[in-house]
Amino acid sequence: MAAFGEVLQNSFPNLDPDLYSYVNGILEDGSDEIDTADDLHDAIGGILQQVDETKTEQDIQKICSRLYNMMKGSLEKSNGDHRRLDAPVFLGQAVEEKEEGGSIWIAKKENVTQVDQRKLDKAEAKIQKKLEKRSQPEISSRPEAPSMSDVATASQQINRKDERLDASGNNRSCDIRIEQFDVSFGNRTLITGADVHLIFGRRYGFVGRNGLGKTTLLKMISSRQLKIPSHISILHVEQEVVGDDTLALDSVLECDEKRHSLLQEEKQINAQLAKSSEAGKADAAISGRLNEIYHELEAMEADKAPAKAAVILCGLGFTTEMQQKMTKEFSGGWRMRLALARALFTKPDLLLLDEPTNMLDMKAIIWLENYLQTWPTTILVVSHDRSFLDAVATDILHIHSQRIDTYRGNYEVFHKTRDEKLKNQQREFEAQKQYRDHIQVFIDRFRYNANRASQVQSKLKLLEKLPELKPVEKESEVILKFQDCDKLSPPILQLDEVEFYYNKDHVIFSNICVNANMGSRICIVGENGAGKTTLLKLLLGSLDPVRGIRHVHRSLRIGYFSQHHVDQLDMGASSVELLATRFPGKPVEVYRSFLGSFGVTGELATRPVGTLSGGQKSRVALATMSMTMPNFLILDEPTNHLDMETIEALGKALEKFQGGVVLVSHDERLIRMVCTEMWVVRGGTVRSLEGGFDEYKKSVEEELELQSR
């Protein structure tokens, strides 16, 4: 019997204990239904195949044959006709030892089967669970990516005193303290043993590398998987407003539920009073309730709400005409702006924002910065826009190494403080190491000197008492690299007296003349809706001018990046599979090399794209674009979802790129790093701005100041 277990353990070292009991029970029992090795394979072969998928069907068959031969030999040895007795059997003695009324000739076999039914059911349930888990990706990986929140879990240490206070309803503090909490994504730990303390009225910027769990933590807080005092209202801006017949302005006003319900009740009561007056009756109770509603509306300044909502919408780029349009008429980007407007109008106790500047132009970003600087409640914002965080944040939360550190001040202060902290830690580490080495030299020198034995022992004890020596944890440097390309002689790309419109009544561009060459580093700026994307499509050649000419070099290969490309990635495939599908016939090493040049390395390259963070998806899209070997890059908002280190690396990569670059971006740091020329799209024209980014930003601020008067 032990032989069966030895074969199973040697062949399947990872065999589950319950499965082992089940299989071993079948082998030891020697069921009457198992007459051949094939019968044994039918009984246990499927289970063993599930345990070790690396073994082939032939391997499993051989193991089953070996086990069957052992089982058959065991049965023959125990039940064979020629079995030799070790000693004579005295039947009389056997009868006396038998229980009264029993018979030695009709002795019943005990334990007909050694398989525990409970263990069998448990083993079969585990097999079924494994089969369901294996088949699940084939069902759900296409057309939709697995949601991070579906597989993310959290746990935390709860203060019983705070819990009792919250349950009593007497807790009036709006500070939020989340202590000793962990967040995991599947089998991967994102955050462990972290503490977050959000003081009411302060504005927290949340920064860190892509994929470390910033968005996941925001979702955990908004869904209250991490315990937050129940009286604190939370609003997470992450989903666009659903498009329907509601006007944009009304959509914002409706999110004030108390005001909306009072106005609805007012309408109902006025309708009842109108009917009562027609019937010649009057209800004093209804009239009294109407007066109460008027007092409540007056106290909350309900009459000023439309003006406040209009100011917020205007600041986010909605014209007066757009505010009276139905929400279903807006694109996804504008509906996200509506969601942001609703949040700003509601003013929850805790406002959670995830990359709010991604959908805004420069004018809206500057307005939002100014608006949030006077925000009365708590804000937690994930952003990779350094200028935005410098203007808005009063504190910084930095996630790294599965923990979260808090710093006072904006991003610039955080950056300086952290650099100084790392330098001090490095100096302390080097001093400790030098001290340890000095002691170790003494120990090594006098280890075998009897006269110094007591001193050596003292030094050894001193070493043991010293704190553990840990090197400074430094984040790896992000490096992006575009492929080298050949120089082309001008003219490279040119639009000459181009006119374009979709509708004759609305001309988008009229008589524009622009050109770019291999040394160009051009940034296109302008308000949303001014025509920046249309200009890019004219440069790409995906739109033909109504009038005018597009000149292009015959050897020009344009690499185009847009956020739509990120959304169109196959979320069920891995990054390597995605490149192999787009560019078939190359060795796997080539695909990994291109992905590696954009920071998608190791296990990231084999994970489904749908499980990657937004920034990691953008890197995959950049790698896909790079495989076309372009010599001219047109990039539409490439920094969306990228962390600050990656944005910095992107800027350096664009500086080293030998071809031309046309860039649409609102990231001030990237623009200053890369661009030497500014194209401003406004009023159906494109003009080059001599003063660069500073001049453009100044003009936008002046325009906002005029609007506020």
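Residues numbered from 1 in each chain as written. Predicted model: local features only at pLDDT ≥ 70, side-chain atom pairs only at ≥ 80, totals over all residues. Heavy atoms only, no water.

Draft legend 1. The arrangement of the overall build of the protein in detail. A count of helices and strands for the protein gives 27 helices and 18 strands. The proportion of buried residues among the 709 residues of the protein is 42%. When the accessible area of the protein is evaluated, it comes to approximately 39,300 Å², of which 48% is carbon and sulfur surface. (Helix = DSSP H or I, 4+ residues; strand = E, 2+ residues; numbered from the N terminus. Buried < 20%, exposed > 50% of the residue type's maximum accessible area, 1.4 Å probe, protein only. Areas by Shrake-Rupley, 256 points an atom, 1.4 Å probe, with all protein chains shown as cover.)

Draft legend 2. Summary view of the nonpolar core. Within the largest apolar cluster, 126 residues are counted, with the highest numbers of intra-cluster contacts made by Leu316, Leu340, Leu344, Leu372, Phe482 and Leu535. In terms of residue count, helix 15 (residues 332–346) provides more of this core than any other element does, nine residues in total. Listed in part, the 27 residues of the second largest apolar core include Ile176, Val183, Phe185 and Ala194. (Core = buried A, V, L, I, M, F, W, Y, C linked by side-chain atoms within 4.5 Å.)

Draft legend 3. Structural detail: the pattern of salt bridges. A full pass over the atoms with the stated rule returns 24 salt bridges. Close ionic contact of Lys421 with Asp405 constitutes a salt bridge, the shortest N to O distance being 4.0 Å. Highlighted residues: Lys421 in helix 18 (residues 411–446) and Asp405 in strand 9 (residues 403–408), separated in sequence by 16 residues. On the basis of relative accessible area, Asp405 is assigned to the buried category, the value being 16%. A salt bridge links Arg669 to Glu648, with the nearest nitrogen and oxygen atoms 2.7 Å apart. With Arg669 in helix 26 (residues 668–674) and Glu648 in helix 25 (residues 644–656), the pair connects residues that are 21 residues apart, well separated along the chain. By sharing partners, the salt bridges in this structure join Glu265, Arg289, Glu292 and Glu296 into a single network. (Salt bridge = Lys/Arg side-chain N within 4 Å of Asp/Glu carboxyl O.)

Draft legend 4. Representation of the packing of aromatic side chains in the model. Enumeration over the complete set of coordinates arrives at 10 aromatic pairs. When the centroid spacing of 4.9 Å and the interplanar angle of 85 degrees are considered together, the rings of Phe500 and Tyr502 count as edge-to-face. For Tyr502, a relative accessible area of 54% puts it in the exposed group. An aromatic cluster is defined as three or more aromatic residues linked by ring pairs; in this entry it consists of Phe318, Phe330 and Trp334. The ring of Phe330 has Lys325 lying over it, and the distance from NZ or CZ to the ring centre is 5.1 Å. Of note, Lys459 hangs over the ring of Phe442, and the distance from its end group to the ring centre comes to 5.4 Å. (Phe/Tyr/Trp six-rings, centres within 6.5 Å; stacked < 30°, edge-to-face > 60°. Lys NZ or Arg CZ within 6 Å of the ring centre and 35° of its normal.)

Draft legend 5. Expanded view of unusual backbone geometry. Pro490 connects to Pro491 through a cis peptide bond whose omega is 0 degrees. Here Pro491 lies in the loop between helix 19 (453–465) and strand 10 (493–503). Positive phi is not limited to glycine here, since Arg224 has a value of about 60 degrees. Looking at the element boundaries, Arg224 is found in the loop between helix 9 (214–222) and strand 5 (234–237).

Draft legend 6. The arrangement of the sheet that holds strand 9 in detail. An order of 5-6-7-4-8-9 is seen for the six strands of this open sheet, with the pairing classed as mixed. The outermost strands of the open sheet, each flanked by one partner alone, are strand 5 and strand 9. Each adjacent strand pair in this sheet contributes to an overall mean axis angle of 20 degrees, direction not counted. Bridge count for strand 8 (residues 395–400) against strand 9 is six bridges, and the pairing is antiparallel. Along strand 9, the bridge assignment pairs Ile396 with Tyr407. (Pairing = 2+ DSSP bridges. Axes fitted to C-alpha atoms, helices over the stretch in contact; angles between N-to-C directions.)

Draft legend 7. Inspection of the sheet that holds strand 17 (residues 677–682) at higher detail. One open sheet holds the six strands; their spatial order is 14-15-16-12-17-18, and the pairing between them is mixed. Single-partner strands in this sheet number two, and they are strand 14 (558–561) and strand 18 (685–689). Across the sheet, the axes of successive neighbouring strands diverge by a mean angle of 20 degrees, strand direction being ignored. Where strand 12 (residues 521–525) and strand 16 (residues 660–664) come together, four bridges link them in parallel fashion. In the strand pairing of strand 16, Ile524 is matched with Val664. In the packing of helix 24 (residues 614–626) onto the sheet, the strands contacted are strand 14 and strand 15 (632–636), and the crossing angle to strand 14 comes to about 165 degrees. (Contact = heavy atoms within 4.5 Å.)

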